[in-house]
Each structure stands twice: as structure tokens, then as C-alpha cells.
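Residue strings, one per chain:
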Amino acid sequence: MGHTSLEKIIALQKNPANIRNLCILAHVDHGKTTLADCLVASNGIISSRLAGKLRYLDSREDEQVRGITMKSSAISLHYRNGDQEYLLNLIDSPGHVDFSSEVSTAVRLCDGAIVVVDAVEGVCPQTQAVLRQAWLENIRPVLVINKIDRLIMELKLTSQEAYTHLQKILEQVNAITGTLFTSKVLEERAEKEKEEEKESETLSGDQVFDWSAGLEEVDDSHLYFSPEQGNVVFASAIDGWGFSIQQFAHIYSQRMGIKAEVLLKTLWGDFYLNAKAKKIMKGAQAKGKKPLFVQFVLDNIWSLYDAVVTRRDKEKVEKVVASLGIKVMARDLRHSDPKVLLSAICSQWLPVSQAVLSMVCEKLPSPLDMASERAEKLMSVGARRFDSLPAQTQKLKTAFLQCSSEDNAPVIVFVSKMFAVDTKALPKYKPRPLTQEEIVQRRELARQRHADRMAADQTAAESHKELAHSESMSQESQPTNCEIYCFYFTSQVHSFSHLCQVPEGCSASDCVFEVPHLSCCSMESIYLLMGRELEDLEEVPAGNVLGIGGLEECVLKSATLSTTPACPPFTPLNFEATPIVRVAVEPKHPSEMPKLVRGMRLLNQADPCAEVLIQETGEHVLVTAGEVHLQRCLDDLRDRFAKIEISASKPIIPFRETVVRPPKVDMVNEELGKQQKVAIIHQVSHQVISQVMDGLVTLTTPNRLATVCVRAIPLPQEVTQLLESNSEVIRTLEQINMSLREGKSLDISLRTLEAIAGLKDQLDSLLQGRKWRNAVERIWAFGPRRYGPNILLNNVDSYQRPSVWQCLGRGDKTVEAGAQAAVLRDFDNSIISGFLLATLSGPMCEEPLMGVCFCVERWDVQSSAPAQHQESFEEDSMSHKALADNKVERSSETSAQEEGMASGLGQAERRPEPASDCYGPVSGQLIAAMKEACRHAFQAQPQRLMAAMYTCEIMATAEVLGRVYGVLGKREGRVLHEEMKEGTDMFIIKAVLPVAESFGFADEIRKRTSGLASPQLVFSHWEVISSDPYWVPTTEEEYLHFGEKADSANQALKYMNAVRRRKGLYVEEKIVEHAEKQRTLSKNK
């Protein structure tokens, strides 16, 4: 097919029934971009000879150097299938795990996906991830099994063995789809059972028990990949060939006279041809016969490779070419590389573009066929159900499904991602061919200038030249500094006037003024995305993917734009990778700091996954998903956005601090004896601290008006994981409680209440035992930032505060909220603030805490009494008694402290404002006291560091397995399991590796294994480092085992000191320790 004109594509955009929005998804190096090259070559944009070598959609220099895709690229293609013409908006996405956020942005825009699987490697970790993302976005996938030539050339399989191998790959892919389908059905079944339970409680009668899972009733046959259904293509994109069962069924039905429908059902499966009876029969495997797929399809391809590549049999090649009825150029026949001849034959016999594009047109849905379930899911943001949305919002679902481009139809645009385009690459700055009149006009102007220059004086001519040169330089330098941002989007779009941007987290409304933070914007220019190029467009009908320019001031990363404020923001994108790798960035020349700030803002907009933070220290921190992603972001910052020299720190490794149960054995596995701990009493900056045997810490504020007793307890690991995974639910719960304390009435959706009730039930079931009795009801707060994996418990007998779960069982919301707000004690918020500060930065190395429960056992405040004479004296005597019971003052300081307290109370009496002023000095001192009490309670328990861990999946051959284990062991990795991939000599190793040890891991493993092993690192969890960073040998056995120096490497201490050194905290280390005389190696003569 020749090159398609822009006018043709614009015409095709107006017929949404023949539009296909699709993306290519796969694991890294499975051949996505090579396949995209073949599809692009079918439109004449690039030469078919360069397909697979050019990698047209990898437009970045680092993509070409590394050989992997790092960003999503879109291109519009034209395809004629029979008498129908189709427009294909194709998006090529990365396969590397660091760039999985780009996959999320691509999947949201599409109605279908091509999933590519390597025929040798089979299903890999990212294959599972992209199938899950496609499932979550409700888009329909089709399968391309690529690199079948590797089965012939590398594995040397016979056609029969290859058929068995392909069957196994198909089973693996279908197993993943089946797992996703089963989990969805079981979730729906669980929701249905809950509704039935509620109904059965209200209705009386015979009870019916149904133990079926609901899987039997649901038809899932359309979900799976099967060649006879036409949603599987077998291909070798690098050699330019690919086919589906339909093509061979059509060929053999003409040659053999068998019906095409019969061949479609029997070409794939356990069927064979009985030549004598002239029948297709079942049971090929049992009878030792060749299946039809092997006999009719694979044997032909194997014999072609044998003739062209292996034996280079010219006579046989000529016979094959003649029988296929194709023409091969003489230069291809004479070429020294047999792959050139093979590609020339295959690209005419079984062109991969024809097989894939015809499958796409027939099997993938158009924008008109969007599932109503997907439209509802996109608009049901947060925990709101589609039924609970306003009527006007629900009407938009019809507009979605109709995909109308009429003037009265609403415009809905989803901005999926932003990308930077240099000003020179914009269509208006591109050089265009001159017309004949313009050429004549320029010739006349040139002649006139030449005549003027000859007549003028030499000096005047020189000054004129300098002026002209400076003007042209200034004009050229202006556009190079500009960056323009474009957006992918799909949905109803017709006119390009003013639009409203609906912010995330806001509900839909009937009036513009009721939606908070609603901003209005207008689209300056719209473009057709053509891979490396952009084309100007005047208007675009609904259901297309395109780019917009000029909205960089309005949109950060993604947004929902609409002409109606009734449109809710679409659900946020599902990102598989979590940003975990941090670096601090600064310019080499401090005067260029404004350029760095602007560049980081642009980078934050252009990358869906990168985060830009400014820490309390003033450092500009860049957070990325992995090492390769970090390198790409730094290159972008240096070369495209800031355009300055920058210096980046070593990666900032995140840690967490926690406490564990006291160990029962020491470092040499000897049982620890019961050591009698005496009460430690010490004075710290006017705060009296008493630490008793069971870890209870009592602390009094400097003015002696408040005392708190705190104990730290480690949370069970399951509870910590539950709190971490439900952070959004806890945040919602905190917002509800805050609104109730302020006396506001809230309309909480049923799904939100169910999520909160589910969290409470899970906590109840996990927090069992005597010390956790009624703990869930006594939760005071979560931290840090009010939704973290730490808990503050209220064990104060005299203080019954409102429960954090008060939203679950309340009557009239407004009345009860007001009543319960009055129960809160004065300075309640100060205790929470102190707890939040303590959990935000722990005492070991100022890292956030994780999995710690702080129990407030006692809390006395003497300043909360009314300012009256009698009651103040009673308060004074009570405070004296409380402090005497604590036995924490020293006798030498008693008189001075009593005078200070009396003067403090006298001032409280004289103050006209109430004593419960939360901004007064008492609240500040209480916050500081609570923070210090939590820190000391934390230090009273065995402390441990928690390291961020990667899940590492490595595919390696048997001969390099030992080297892989060596690299993992050297970097503190731990192998979980290994298994051999059936039918290949590859092993799949699954391990965990600390993030702190992961830098340079991929490069080292590739060097050690000569490129035969490649790891995929994905952030998994937080893990406690077993060694105690403060451990020193104490018992005789430990001295014997570790020596007096005990200088063996303590991993936790190494990590802790590195973090303290980076933050400028004190590090306890000696420069010279146990100096010894140097021993010479030379012998005395």
C-alpha cells in the first residue's frame, strides 16, 4: 500500500465505526517496535527493507542506543480490508518495568490491544502485568506469538516439537486470563452474597444454602485466545512474515476443495488428515499422526527456512518462488545474507502487516462498541457508584456510547499524558516546498539586494551585514528555548473552543460554581500524531486519538476536559511501578537555579511516573521508578528541559524504623537470662523522663503542667501490611471524622462505609490476645500524616474520646457530630500532633516509623481548669500530688519547680482568654513532650531498620546459573525459588533484593553472564533487617565468637550511618581503632 495522504486520514476520522484505537503491549525485547515497524511500512512511511532495523517509533537517541522503548509513541495508519477502509490509531508502548506508567497511559486511550509474546521465552513477568492492565481497563486483547524463527534457528526444534511448544505458550497466556476472570466473578459473587444476606435478615422463611462459586453460570469462551477464533497470529516480525489460521484455511479450501469453515475448526487442534478416506479425523496424538497445523502450515515454513537459510539450495528456492507465484528481485537472489532473500519471499507470501491488521479490524472493537461497563467505570471515581451520580452525569454515558460529533453533543476529552516537542518540530516551523510565484519573487529580491550592495560603500555594507547577522541570530534563538506540550486523548471531541478542567477528587455537579477548583481553558492547536512528526488539524470528530498544544499552564500530568461541568473526573490511571529511587539534583553553577526549577517542573509534567519534591532541607529531589528511568529523567533534565549542567547526588535510599519483640537468644544463639533492669532517671533539657522496666516512659513538660506516659509496642506484620495497603481508606476515614468534628453533614457512599467496616473487621481479627483487647475501638490516630502504618492507642482510663469509627453507626449525622465534638478533651490535637511528628522521623536516622503502636497510659493536664480562685488551688494541689506519685523530681530542684508552677498557675488565673487555647504555650510544650515521649518509648524497645525490597525475576540459562547466584549473594539478595521453563534450557529465578544494593545490579549481572541473563526489578515490600544496629558483644560467648573488636560488618549499622551522614546527623565512629603494627611480607635474609 502506498503512502496515505493527510486528507485521506482526515476523511477516515469522520467514520467512528471504522476506527480502531489500539496499543502494542509486551515484555521487554519481545518485538513490539519491530512489529510496529512492519505495520508502519505497510503505509509506505518507511521502507519495508528497514522494518525492524529503523525502529521508527523509537525517536529518542537513548532509545536507539539502548535498544529498548522508553516512551509511548502514537501513529495513525490506513488499512483496506476487503471493500472497507479503516483508520488505525496505533500506540507503541515500552516493555521495561521502569516505564510501565507509559503502558498505563497508552491502555487508557485504547479500545483494544495487541499482546506480543516471544515464542522462546513465553510468558514473562511484564506479559502478566500488561494483561492485568488491559483487564483492569476493560479493553479487548488479541495475541501475536512472535519470533517463531528462533524456534527454527536457535532451538533447532522440529515442526512437531514447535507445535507442542506453541500450545504450551497459548495455555500459559489463557491461564492468566482465566485467573483474572475467576477473581472478578468471585468478587461479584461475594457482593451478591452480601446483598442476599441483608435481604434474608429482613425476610423470614426457609433458608437456602448455595455453595456454588458462580463460575458455572458465566460464559467465558470469548475471553480466551484461540487460533480458530481468529484472535491469534503467529509471526516473525524481523523476517516480515505472519499468518493466522484463516489465511491457510482459505488457501487450502481452494486447493483441496475442503470447506473453509471445516478447516477453521480443525487446523488447530488434535486433528489429522486421513489421505485414504479423504477425511479429517480426530486423535492425531493417540495415533501418532501429524496434526493438520504441522502438516499444512509449519512443515512449509520449516522447509522454506531449510532451503533458504540452512542449505541455501538455489534450485529448491526457485521452485518455491514459482509455486507461490511471487517475484523476487535478482539482487535479493544474489545477496550474501540469506535473511534478505527469506524476507523478500515471506513478505510477499505471508506479509505480517496483512495478518495483524486484518485481525485488528475484525476482532477489536471500534469506539462505537465501547462496553457500557467501561464507560461506567471511567466515570465512577473514588468509592462512588455510577447509580449514585447525578442524573445529568448518567446521561453522559449515552454520549459515550453513541460517540456523536454533533454540535449539541458534549465534548469530553481525557488527557492521558504530556510530552515535550521542540518548537522546530512543530508543523508551522517545518520547511515546505515553494510555489513557482514565490521562487520568481525571491529571485527578484535577491537581484535587487545584490545591485544595492554593489552600489553602496564598502564600510556601510559591512555594518549592514553585521546588523543583519545579529538580527537573524536573535530571531533564531527565540524558538529554540520554547517547549510545547501535547496530549493524547480520546472521547467525544468536536469543537475546539473553551473547555472546563474537572479536578480529581471532586464530584460531578450541575453548576460550574458548585465544582471546587474548576478551571477553564482553550485549545490553541490540535495535531495528528504521526510517530516522530505532527500534522496540523482544524477539527477532529469523536473517537480519535490526537495531540493538543498550549495547555501546559492548565494541566499537570493528566486531566479530564469537558464542555459540561456535569462530567466527573475519570478514574485515575493504574500504575504498576512505584517511584522509589530518589536523587537530590542541583545546578553546577548556583546562578542557574531558576532554570533548574523550571526544568524540573517541565519534567514533572512530561513524565507520568516521575515525582519532584522539595525537602525541608531545601533540596530538590527527583523520585523515579528505577535505575534506567532515573538515567532517562536526568538526561531529559540536562538536554531538553533545564538545558544546564546539573549534578545529581548518589541515590537516596528510603528506610523505615521499627521495633521488634525482645529476642530470646543472643548473637551466638545462647538463651538470654532474665536481666534485672533498674529504673533510669535522667534530665533532658528541663523535661523529666522516667523509664521503668516494662518500657513505659513518663515525661513532664518544662512548666510542669502536663504529664504523659507512653509505651511502644510492635504491631503484628499482618496489621502493618493491612494499614499500608488501605492508606486511601484511612485517609477517607480521617476526612470524614474531621468533617464530623466540625459539625458538617456528609453524604457518604455505601461502598466507602463498606470499605471502612471491612478494614475495622480485619483489624479486629488480626489484633487478638490479652494486650490487644478492645484495641480497635481505642485507636486514637494513625500516623505519620494521619494515614500511615502506625497506631496511637488511648489507654487513659479517665478519658473516653469519640471513636475513629464513629461514622459506621450513627443516626442523625449533624446532631451527633456536634455532640461528640464536645466530648474531646482540651489539647487532644496536641497529643496527635506530637505522635505524628514522632512517627514522621524516628530516633535512629530520622526516617519514618513503620509498624509501631504507641499506647498513651496516662495523660494529666493541670491547665485545663476554669480560671477561678478556688478551683485553681485544687488543681495546684492535684498537680503536686500527681508529680509526687511519679517520683521524678530531684529534691534539690523542688522549691524552684514549685515556685515556677505557682507563677505559671497565677498567670493562667490572670489570663482573660480560656485556658484551652490550642495555640498557647501549653499546647506547644505538650506536642514537644509527646514527641519526645514517643521517641524514648521507641528507644526502650529493641530497634530495627526496615529496608525497601525489590522482587527480582531473572531468566538465565543453566551454564550461567552459578554466576547469577554469586551476584545475588554478594548484594544481600535472597533466592525464593527457581524453576525450569518447560521446553527450553532457561531457568526462571525469583529473588528479593534490597533497593540499597540494586544500583548497578543489572549491569553487573549482564557482564558476569555475558548478556545471557537479564533481571526485572519491581518494588515489592518493606522487610526488617534482622541485625541490631546498636549491638555490641556483652556475654563471654559473644566475646569469644566475635572478638573484642567485634568488627564484622553490621549491615544495619552501615545503612543507618550512611543515612545519618547524608542528613548531617552525628555518626559515632572512630578514625583509628585497635591500631596494629604493619606486617611486612618480605622475608628477613
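Refer to the structure printed above.
Procedures and definitions
Residues numbered from 1 in each chain as written. Predicted model: local features only at pLDDT ≥ 70, side-chain atom pairs only at ≥ 80, totals over all residues. Heavy atoms only, no water. Helix = DSSP H or I, 4+ residues; strand = E, 2+ residues; numbered from the N terminus. Buried < 20%, exposed > 50% of the residue type's maximum accessible area, 1.4 Å probe, protein only. Contact = heavy atoms within 4.5 Å. Areas by Shrake-Rupley, 256 points an atom, 1.4 Å probe, with all protein chains shown as cover. Axes fitted to C-alpha atoms, helices over the stretch in contact; angles between N-to-C directions. Parallel < 35°, antiparallel > 145°, perpendicular 65-115°, else oblique. Nonpolar A, V, L, I, M, F, W, Y, C, P; charged D, E, K, R; others polar. Patch = residues over 30% accessible without salt bridge, like charges linked within 9 Å, V, L, I, M, F, W, Y side chains within 5 Å. Salt bridge = Lys/Arg side-chain N within 4 Å of Asp/Glu carboxyl O. Lys, Arg positive; Asp, Glu negative; His and termini not counted. Charge placed at Lys NZ, Arg CZ, Asp CG, Glu CD. Phe/Tyr/Trp six-rings, centres within 6.5 Å; stacked < 30°, edge-to-face > 60°. Arc of directions from axis to C-beta. Disulfide = S-S within 2.5 Å. Pairing = 2+ DSSP bridges.

A.B. asks: Explanation requested: the overall build of the protein chain in the structure shown.
C.D. replies: In terms of regular secondary structure, the protein chain is built from 33 helices and 34 strands. By the burial criterion, 49% of the 1085 residues in the protein chain qualify as buried. Here the analysis covers contacts within the protein chain between residues at least 6 apart in sequence; of these, 75% occur between residues at least 24 apart. Of the accessible surface of the protein chain, which amounts to about 54700 Å², a share of 51% is contributed by carbon and sulfur atoms.

A.B. asks: Before we go on, may I ask you to explain the packing of helix α22 (residues 717-725) against helix α24 (residues 750-766) in this structure?
C.D. replies: Relative orientation and spacing of two packed helices are given, respectively, by the angle between their axes and the distance between those axes. Contact geometry for α22 and α24: axes closest at 10 Å, N-to-C directions at 170°. Compared by their axis directions, α22 and α24 come out roughly antiparallel. Across from Glu-718, Val-719, Leu-722 and Leu-723 in α22, the residues of α24 making contact are Leu-759, Gln-762, Leu-763 and Leu-766. Residue classes in the contact of α22 with α24 are distributed as six nonpolar, one polar and one charged.

A.B. asks: Help me understand a positive patch on the surface, please; the structure alone is not making it clear to me.
C.D. replies: Taken together, the side chains of Arg-661, Lys-664, Arg-770, Lys-771 and Arg-773 present a region of like positive charge at the surface. Relative to the elements of secondary structure, Arg-661 occurs in the loop between β23 (655-659) and β24 (680-684).

A.B. asks: What am I meant to see in the packing of aromatic side chains here?
C.D. replies: To describe a pair of aromatic rings, one takes the distance between the centres and the angle between the planes. In the structure shown here, the tally under the stated rule is 21 aromatic pairs. For the ring pair Trp-241 and Tyr-305, a centre distance of 6.4 Å and an interplane angle of 70° mean the geometry is edge-to-face. In this pair, Trp-241 sits in strand β7 (residues 241-243) while Tyr-305 sits in helix α11 (residues 292-310), placing the two residues 64 residues apart along the sequence. Of the two residues examined, Trp-241 and Tyr-305, each falls in the buried class. Connected via pairs of aromatic rings, a cluster forms that spans Tyr-163, Phe-234, Trp-241, Phe-243, Phe-248, Tyr-252, Trp-268, Phe-293, Phe-296, Tyr-305 and Trp-349.

A.B. asks: Looking at this structure, how should I read helix α30 (residues 961-970)?
C.D. replies: Each α-helix turn comprises 3.6 residues. Residues three or four places apart therefore point the same way. Taken together, the buried positions of α30 are occupied by Leu-961, Val-964, Val-967 and Leu-968. Burial along α30 is one-sided: seen end-on, the buried residues are contained in an arc of 125°. Turned more than 90 degrees from where α30 packs its buried face, Gly-962 and Lys-970 sit exposed. Buried positions along α30 lie against β31 (943-957), β32 (974-980), β33 (986-994) and α31 (1001-1008). Looking one or two residues past α30, Glu-972 carries a phi angle of roughly 60°, positive in sign.

A.B. asks: Help me out: how do you make sense of the state of the cysteines in this one?
C.D. replies: By definition, a disulfide links two cysteine residues through a covalent bond between their sulfur atoms. Counted by the stated rule, this structure contains zero disulfides. Not engaged in a disulfide, the cysteine Cys-110 finds its nearest cysteine sulfur in Cys-23; these two sulfurs lie 3.9 Å apart. Cys-853 carries a free sulfur, and the closest cysteine sulfur to it, the one in Cys-855, is 4.0 Å from it. Classification of Cys-853 as buried rests on a relative accessible area of 1%.

A.B. asks: Can you walk me through the side chain of Asp-111 in this structure?
C.D. replies: Along the chain, the position of Asp-111 falls in the loop between α4 (100-109) and β4 (112-118). Residues contacting Asp-111, with those up to four places away along its chain left out, are Asn-21, Ile-139, Arg-140, Pro-365, Ser-366, Pro-367 and Arg-374.

A.B. asks: What's the story with α31 in this structure? I'm lost.
C.D. replies: Of the residues making up α31, those classed as buried are Phe-1001, Ala-1002, Glu-1004 and Ile-1005. Along α31, the residues classed as buried sweep out an arc of 165° about the axis, all on the same side. Where α31 is buried, its residues touch α21 (627-641), β31, α30, β33 and β34 (1014-1024). Note on α31: the residue one or two positions beyond its end, Ser-1010, has a positive phi of about 55°.

A.B. asks: Mind showing me how you'd approach the environment of Arg-704 here?
C.D. replies: Tracing the backbone through its elements, the reader meets Arg-704 in the loop between β26 (697-700) and β27 (706-714). On the accessibility criterion, Arg-704 (6% relative accessible area) is buried. A sequence separation of 158 residues divides Arg-704 from Gln-862, and the C-alpha atoms of the two residues are 8.6 Å apart.

A.B. asks: What is the right way to look at the sheet that holds strand β21 (residues 620-624) in this model?
C.D. replies: Sheets are built from strands that pair by backbone hydrogen bonding, the pairs being arranged parallel or antiparallel. One open sheet accounts for four strands, arranged β20-β21-β19-β22; its pairing is antiparallel. Edge positions in the sheet fall to β20 (611-614) and β22 (646-648), since each has one partner strand and no second. Neighbour-to-neighbour, the strand axes of the sheet open up by a mean angle of 30°, direction not taken into account. Contacting β19 (581-587), β20, β21 and β22, helix α20 (residues 593-606) runs over the sheet at an angle of about 25° to β21. Sheet strands in contact with α21 are β19, β21 and β22, and its direction is about 135° off that of β21.

Such coordinate-based values are descriptive only and should not be taken to indicate function.
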